[in-house]
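# Descriptive structure summary
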Amino acid sequence: MAQRWFVKVDDLGFAPEGREAELDRIRRSLLTAVSLRDDSGLDFVLAPIPDETGAVIRRLSPRYALSLYPLLEGVSGPFAPHPPADRREIAELLARLHTANPLPGSDPYTIAPRLDLGVPGRKKIDMALSELDRPWNAGPYSAEARTLLAARADDVRQWLTDCDRLAADQPQHWVLTHGEPHPGNFLRTGDGRFLIDWNTVAIAPPERDLWMLTSRFADLVGEPPDGDDREVLRHYEELTGLTITDPALNLYPIRWALFDIAIFVDELRRGENLPDSLTYLRGYLHPTTP
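Residues numbered from 1 in each chain as written. Predicted model: local features only at pLDDT ≥ 70, side-chain atom pairs only at ≥ 80, totals over all residues. Heavy atoms only, no water.

### Some details on helix α5 (residues 153–167)
Its 15 residues give α5 an end-to-end C-alpha distance of 21 Å, which sits within 8% of 21 Å, the value for a rise of 1.5 Å per residue. All of the buried residues along α5 are A153, V156, W159, L160, D162, C163 and L166. On its buried face, α5 sits against α3 (122–130), α4 (142–151), α9 (246–269) and α10 (275–285). (Helix = DSSP H or I, 4+ residues; strand = E, 2+ residues; numbered from the N terminus. Expected span 1.5 Å × (residues − 1). Buried < 20%, exposed > 50% of the residue type's maximum accessible area, 1.4 Å probe, protein only. Contact = heavy atoms within 4.5 Å.)

In structure tokens:
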């Protein structure tokens, strides 16, 4: 059978002034994935196919960029916690990633970007919080977005404070992380399990990936905890020699939620007609959210 291909198109952002930086970030992330596959021998990395010039991503238009992947027959999971029976294997794959050098014999940090532990989109949250004393009427969902944020404004400010505190106390040992190793980014095929969507790869504390193997991820998506957090973390520690701590793990669910809030509030405040964004924002800012 002839090889089939999968084309992925990335949105470089609404604001033109930020698109070059976003394109560069994605390019560096994808080059890291290619090196992990080709140089480090991580056979579970589904990386893009470079073109004849070695480029892993090409501009499709001012706002969008394209990359090419082999099309594999398989099934991915939902945006939900990993089943307990899968977590040991996932911890082993993450241990291989976190101990890999994508450029043997050289500095592994020259390709992958280094993670800024601050809240992505924080300026958007700060701006929205500063404008709660005036109407939001740019689009069909602006007013409700304002109402939702106003009702939880003090909590959002506290979450930002918590992020600052936890980010200041992160471990000194940083590794190559994927960023979003939830079941939706694992493709199960006849040849094994592949980790996909490498746009978020970055040098960061290992907890950036590992929190998704714990009850913290179940809490984020509103599911009951299932499985023993410490058992899977101990297995990872035995494989890597690293020590995983609860304070380091606690940063990432709060940071994730705030990043989503920043995106949804900004979209709706600007007048975007995106009912799904309003639905997700309600989920984060519901009065019962801890």
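### A short note on the pattern of salt bridges
Counted by the stated rule, this structure contains 29 salt bridges. In this structure, the salt-bridge partner of R88 is E92, at a minimum N-O distance of 4.0 Å. Placement of the pair is R88 and E92 together in helix α2 (residues 84–98), with a separation of four residues, close to one helical turn. Close ionic contact of R157 with D154 constitutes a salt bridge, the shortest N to O distance being 3.4 Å. Here R157 pairs with D154, and both are found in helix α5, just three residues apart, close to one helical turn. Within this structure, D86, E89, R188 and R193 form a network of salt bridges that share partners. (Salt bridge = Lys/Arg side-chain N within 4 Å of Asp/Glu carboxyl O.)

### Topic: the side chain of D260
Following the sequence through the fold, D260 ends up in helix α9. Separated by 2.5 Å, the side chains of D260 and Y284 make a polar contact. (Polar contact = N/O pair within 3.5 Å; in protein donor to acceptor, adjacent residues only side chain to side chain.)

The values are spatial; any link to function lies outside them.
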